[in-house]
Amino acid sequence: MDFDYPPEAEKLRHELRAWLDANLTERLRGASWANASDADHQDVALLREWNAKLADAGYGAIAWPEEYGGRGAGVMEQVVLAEEMSRADAPGTLNPIGISNIAPAIMAHGTEAQKRQLLPRMLRGDDIWCQGFSEPDAGSDLASLRMSAVRDGDHYVVTGQKVWNTLGNLANWCEMLVRTDPSVSRHRGISCLLVDMTLPGIEVRPLVTITGERDFNEIFFTEVRVPTSSLLGPENDGWQVAMTTLTHERGGVADLHLGLRKRIRTLLDHARSTMIDGRAASQDPVLRQRLASVYLEGELLKLLSERALSAAIHGREPGPESSVAKLVWSEAGQHLAEVAADVLGRVAADGPWARDLLASRSLTIAGGTTQVNKNIIAQRILGLPRSS
């Protein structure tokens, strides 16, 4: 596995580092939309301005083709961007789902009018996008979705509910799967619509998490009239559009080690300065062993990520490596939060570490459950049979 950075990637690193030094303010470091309840929130306004700066400088979506405002960047350049943004604690785009997942689907399946209208505004953060796939009874089994879209002239009449919509409370647009033909097999009767979230009949209800954040939502549609021009790809062929979207979503798991290893390094620093019974927490033999274990999990995740990136560089399709990386990332994140609580004691009862401890419960569920990923690993890597 050759993981040397090519000259063009190092050139991007020096360029981006200089640009961040000149443009990233202290107010922007670590900024997030997670606690914003609406699109007029001051944090969102700040991040929208930052998003436009990123786009104007060519850093908003470097993997996009140049014709759509990107750089046509290769895998290693995308890695460098992620590394430098993490190093500087710089916020990314306001459209993480739109840029990485939805835009490739629009580029692959959209009309020229859809591309011209939607992609430039997505790139600059003028419009924020969410993804309407999951339903209360259609999460991991996406093909069982039931939200209906009935053709009525030049509109679809849409009725039903979506859930777990990240950024739904801020979104102007939603890439949404609907059932347009209930008479055919589950996979064949699905269509994809690009829905303007300001249409009458749409109600967004934030799902406030245990950490107090509001970025998860459920969305209700009551006889919403969506123009047929909003159809992405052919009618009843939405499953192919969904697979385009999800393929790009799952490919991003290779970058997960950056945030995790950054938090591990922070905890190690705290452990050296936090005193327990007259000595540094890092010198306690039990805690030291647990810290070492978490550190090694972070390094394992880095190696798994690099293996997945190497596969991408050499043109191999995304495989089960992403399931292994997701499994290690989610469990390591939970272990890190638990060790931090024991190392820091009462200090971990408030602030970022307390937030991490509460949020860590979701890591083995979000983005593909541990059970689903273990099944993928068992069947596709170990060659084990399906359970009867």
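Description of the structure in this document. Predicted model, so just to flag it, every value in this text is computed and none were measured. (Residues numbered from 1 in each chain as written. Predicted model: local features only at pLDDT ≥ 70, side-chain atom pairs only at ≥ 80, totals over all residues. Heavy atoms only, no water.)

**Quick notes on the overall build of the protein**
No. 1: Helix and strand counts for the protein come out as eleven helices and ten strands.
No. 2: Projected onto its principal axes, the C-alpha positions of the protein cover 75 × 55 × 40 Å.
No. 3: The buried share among the 388 residues of the protein stands at 48%.
No. 4: A total of about 19,200 Å² of accessible surface is found on the protein, and carbon and sulfur atoms cover 51% of it.
No. 5: Looking at the protein, you have 41 positive and 51 negative side-chain charges, and the mean spots of the two groups are 3 Å apart. (Helix = DSSP H or I, 4+ residues; strand = E, 2+ residues; numbered from the N terminus. Buried < 20%, exposed > 50% of the residue type's maximum accessible area, 1.4 Å probe, protein only. Areas by Shrake-Rupley, 256 points an atom, 1.4 Å probe, with all protein chains shown as cover. Lys, Arg positive; Asp, Glu negative; His and termini not counted. Charge placed at Lys NZ, Arg CZ, Asp CG, Glu CD.)

**Points about the nonpolar core**
No. 1: By size, the foremost hydrophobic cluster in this structure holds 31 residues, and its most contacted members are Trp64, Ile106, Met122, Trp129 and Leu177.
No. 2: If you tally residues by element for this core, the top one is helix α4 (residues 96–109), at seven residues.
No. 3: Once you skip the residues sitting within four places of it in the chain, tryptophan 64 turns out to touch Gly70, Arg71, Gly72, Ile99, Ala103, Met107, Leu119, Met122 and Leu123.
No. 4: Membership of the second largest hydrophobic core comes to 26 residues, among which are Leu268, Leu304, Leu344 and Trp353. (Core = buried A, V, L, I, M, F, W, Y, C linked by side-chain atoms within 4.5 Å. Contact = heavy atoms within 4.5 Å.)

**A few points about the packing of helix α9 (residues 321–344) against helix α10 (residues 352–359)**
No. 1: Axis separation between α9 and α10 bottoms out at 8 Å; the angle between their running directions is 140°. The orientation of α9 with respect to α10, classified from their angle, is oblique. Regarding α9 and α10, the two cross each other, and that crossing is left-handed. Residues Leu336, Ala337, Glu338, Ala340, Ala341 and Leu344 of α9 form the contact with α10, whose own contacting residues are Trp353, Asp356 and Leu357.
No. 2: Here the residues of the contact of α9 with α10 are counted per class, giving seven nonpolar, no polar and two charged. (Axes fitted to C-alpha atoms, helices over the stretch in contact; angles between N-to-C directions. Parallel < 35°, antiparallel > 145°, perpendicular 65-115°, else oblique. Left-handed = near helix turned anticlockwise from the far one by under 90°. Nonpolar A, V, L, I, M, F, W, Y, C, P; charged D, E, K, R; others polar.)

**So, unusual backbone geometry**
No. 1: Phi is positive for aspartate 89, close to 60°, though the residue is something other than glycine.
No. 2: Tracing the backbone through its elements, the reader meets aspartate 89 in the loop between α3 (75–88) and α4.
No. 3: Given the relative accessible area of 38%, aspartate 89 is considered partly exposed.
No. 4: We note that leucine 167 has phi near 70°; this positive angle belongs to a residue other than glycine.
No. 5: Relative to the helices and strands, leucine 167 resides in the loop between β3 (155–163) and β4 (173–179).

**Side note on the packing of aromatic side chains**
No. 1: This structure, assessed with the given rule, holds four aromatic pairs.
No. 2: Centroid distance tryptophan 129 to tryptophan 173: 5.6 Å. Interplanar angle 20°. Geometry classified as stacked. In this pair, tryptophan 129 sits in strand β1 (residues 129–132) while tryptophan 173 sits in strand β4, placing the two residues 44 residues apart along the sequence. Tryptophan 173 carries the same exposure label as tryptophan 129, and that label is buried.
No. 3: Ring pairing ties together the aromatic residues Trp19, Trp50 and Tyr59, which thus form one cluster.
No. 4: Cation over ring: arginine 13 sits above tyrosine 5, and NZ or CZ is 4.8 Å from the ring centre.
No. 5: Directly above the aromatic system of phenylalanine 220 lies the positively charged group of arginine 205, at a separation of 4.1 Å from the ring centroid. (Phe/Tyr/Trp six-rings, centres within 6.5 Å; stacked < 30°, edge-to-face > 60°. Lys NZ or Arg CZ within 6 Å of the ring centre and 35° of its normal.)

**Some thoughts on the environment of valine 158**
No. 1: For valine 158, the location among the structural elements is in strand β3.
No. 2: Between the C-alpha atom of valine 158 and that of serine 148, which follows or precedes it by ten residues, the distance is 5.7 Å.
No. 3: With sequence-adjacent residues up to four places away left out, valine 158 is seen in contact with Met147, Ser148, Ala149, Met176, Val178, Leu193, Phe221, Thr222, Glu223, Val224 and Val226.

**Remarks on helix α7 (residues 256–273)**
No. 1: Compared with the 26 Å implied by 1.5 Å per residue over 18 residues, the 27 Å span of α7 between its first and last C-alpha is a close match.
No. 2: By the burial criterion, the buried members of α7 are His257, Leu258, Leu260, Arg261, Ile264, Leu267, Leu268 and Ala271. (Expected span 1.5 Å × (residues − 1).)

**Examining the pairing of β1**
No. 1: Of the two faces of β1, the one lined by Trp129 and Gln131 and the one lined by Cys130 and Gly132 are each fully buried.
No. 2: For β1 and β4, the ladder comprises four bridges, and the chain directions are parallel. Residue pairing in the sheet places cysteine 130 in a bridge with cysteine 174 of β4. (Pairing = 2+ DSSP bridges.)

**Points about a nonpolar patch on the surface**
No. 1: A surface patch of nonpolar side chains, amounting to about 290 Å² of accessible area, comprises Ile381, Leu382 and Leu384.
No. 2: Among the structural elements, isoleucine 381 can be located in the segment after α11 (370–380).
No. 3: On the basis of relative accessible area, isoleucine 381 is assigned to the partly exposed category, the value being 43%. (Patch = residues over 30% accessible without salt bridge, like charges linked within 9 Å, V, L, I, M, F, W, Y side chains within 5 Å. Salt bridge = Lys/Arg side-chain N within 4 Å of Asp/Glu carboxyl O.)

**Some details on the pattern of salt bridges**
No. 1: Going through the model one piece at a time under the given rule, you end up with 26 salt bridges.
No. 2: Two residues, arginine 225 and aspartate 152, come together in a salt bridge whose shortest N-O distance is 2.9 Å. Highlighted residues: arginine 225 in strand β7 (residues 216–227) and aspartate 152 in strand β2 (residues 148–152), separated in sequence by 73 residues.
No. 3: In this structure arginine 225 comes out as partly exposed when scored by relative accessible area, which is 38%.
No. 4: Overall, aspartate 152 belongs to the partly exposed group, its relative accessible area being 40%.
No. 5: A salt bridge links arginine 272 to aspartate 269; its shortest N-O distance comes to 2.9 Å. Here arginine 272 and its partner aspartate 269 are both found in helix α7, three residues apart, which amounts to about one turn of the helix.
No. 6: Arginine 272 sits in the exposed class, given a relative accessible area of 51%.
No. 7: When its relative accessible area of 48% is taken as the criterion, aspartate 269 is described as partly exposed.
No. 8: If you follow the salt bridges from partner to partner, you end up with Glu10, Arg13, Arg17, Glu83, Glu84 and Arg87 in one network.

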